[in-house]
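If you want the building blocks of each chain, they are given just below.
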Amino acid sequence: MVETSLLLLLFVTSPLCCTTNQASLTVSPSSSQLFEGEFVSLSCEEDDSSAGWTLRRNTTEGRMSQCGDRWGRSAGSSCKISLTRSWDSGVYWCESTEGATSNTINITVTGGSVILQSPVLPVMEGHNVTLHCKPKTPPSNLTAAFYKDGTSISTEPSGHMTIHHVSKSDEGLYKCHISRHGESPPSWLSVTGTPTTTALPSASAAPPTASAPLQLVFRWVCHLVVFCPYCISTVLMVSLYRHRPTAGNDLPVSMVMTPPTQAEAGLDDYDDVVTAVTTEHHF
């Protein structure tokens, strides 16, 4: 009975520890900068479709909204923007109905004539990364000057620059310039030594801080929902174990009297005869 109860407890609590819904935001084309009028598609690649992931954004103008709210066309967990405009610049992320968030992606839409195509996600240390300086009008392989944190670092006749075996020191704000075409907006290049983890967007490129406490509460509630059943099941298992009857403690004890054997009976008779003789001849 005790073993059955423990199995039932484990069966009930085990699904709770396995419901770790996560999503990863991807963008196509994979570029942190876009020209006005271009098409872009953003998708929440989700582990569990039942989590109800929604694409949200916070623009550089400080307006937070979700796909379909006067921008984009929602299709399940994806969002498509047919004709981008400068006010579409901002940070994008996926958010579940429980308040969990995915990685964030910064997108800059410019009305200028040059963009810098750089990775939208952090680059792993040791990998190679290529930056493309792209004019709005062809040809696209013009000589371009590249800058990091406002300092010129390279001039490439092919219009693209490759950083080999990137490290944390390569992290920074990059931009490029093409003579007689113009300069691109700056883009931040992130370098990480570990896989990207889910984080709430920052104040400069994320939802207003007023929503952060609510999301923190949601996370604490989720953790409690997962952790509390294990505490309860542990207490119940200990309680049931302590009250379990111990084998052999309550077995009845019986005493059986067996009659003496013939040899024992004869020995007793012999002792009686010796006693009687001794008594008769005593003076």
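Here is a short report on the structure shown in this document.

Rules used throughout
- In this numbering scheme, every chain counts its residues from 1 along its sequence in written order.
- Residue-level local features of this predicted model are given only where pLDDT is at least 70; pairs of side-chain atoms are given and counted only at 80 or more, and the full residue set underlies all totals for whole chains, interfaces and linings.
- The basis for the side-chain values is all heavy atoms of the structure; hydrogens and waters are excluded.
- To pair, rings of Phe, Tyr and Trp, with the six-membered ring standing in for Trp, must have centres within 6.5 Å; the planes then decide the type, stacked if under 30 degrees apart, edge-to-face if over 60, and tilted in the middle.
- Strands are runs of DSSP state E lasting at least 2 residues, helices are runs of H or I lasting at least 4, and numbering of each runs from the N terminus.
- The criterion for a disulfide is a pair of cysteine sulfur atoms lying within 2.5 Å.
- Classification of residues uses two cut-offs on accessible area relative to the type maximum, computed with a 1.4 Å probe and protein chains only: under 20% is buried, over 50% is exposed, and between them is partly exposed.
- Here the rule is simple: two strands pair whenever DSSP picks up at least two bridges between them.
- Orientation is described by lines fitted to C-alpha atoms, with helices fitted over the stretch in contact, and by angles between N-to-C directions that extend from 0 to 180 degrees.

Some remarks on the packing of aromatic side chains
Alright, step 1. As enumerated under the stated definition, the model contains 1 aromatic pair in all.
Alright, step 2. Aromatic side chains W71 and Y92 sit 5.8 Å apart centroid to centroid with 80° between the ring planes, which places their arrangement in the edge-to-face category. With W71 in the loop between β5 (64-66) and β6 (73-75) and Y92 in strand β8 (residues 90-95), the pair connects residues that are 21 residues apart, well separated along the chain.

Things to note about the state of the cysteines
Alright, step 1. Under the defined criterion, the tally for this structure stands at 3 disulfides.
Alright, step 2. Paired by a disulfide, C133 and C176 hold their sulfur atoms 2.1 Å apart. Where C133 bonds to C176 through sulfur, the torsion about that S-S bond is close to 85°, and the disulfide is right-handed. Within this pair, whereas C133 is found in strand β12 (residues 129-135), its partner C176 is found in strand β16 (residues 172-178), the two being separated by 43 residues in sequence.
Alright, step 3. For C133, a relative accessible area of 2% corresponds to the buried category.
Alright, step 4. Sequence-ordered numbering of the bonded cysteines in the protein gives a pairing of 1-4, 2-3, 5-6.

Some remarks on the sheet that holds strand β4 (residues 54-59)
Alright, step 1. The sheet built from 5 strands is open, its strands ordered β2-β9-β8-β4-β5 with mixed pairing. The open sheet terminates on both sides in strands that have one partner only, identified here as β2 (33-35) and β5. If you compare each strand with its neighbour and ignore which way they point, the axes differ by 30° on average.
Alright, step 2. Sheet topology places β4 next to β8; 6 bridges connect them, and they run antiparallel. Pairing of L55 across the sheet is with C94, part of β8.

Some words on the sheet that holds strand β3 (residues 40-46)
Alright, step 1. Sheet architecture is open: 4 strands sit in the order β1-β3-β7-β6, paired in antiparallel fashion. Each having just a single partner strand, β1 (23-28) and β6 make up the two edges of the open sheet. Adjacent strand axes in the sheet meet at a mean angle of 20°, parallel and antiparallel pairs treated alike.
Alright, step 2. Bridge analysis of β3 against strand β7 (residues 78-81) gives 4 bridges, and the strand direction is antiparallel. Bridge pairing in β7 places S41 opposite K80.

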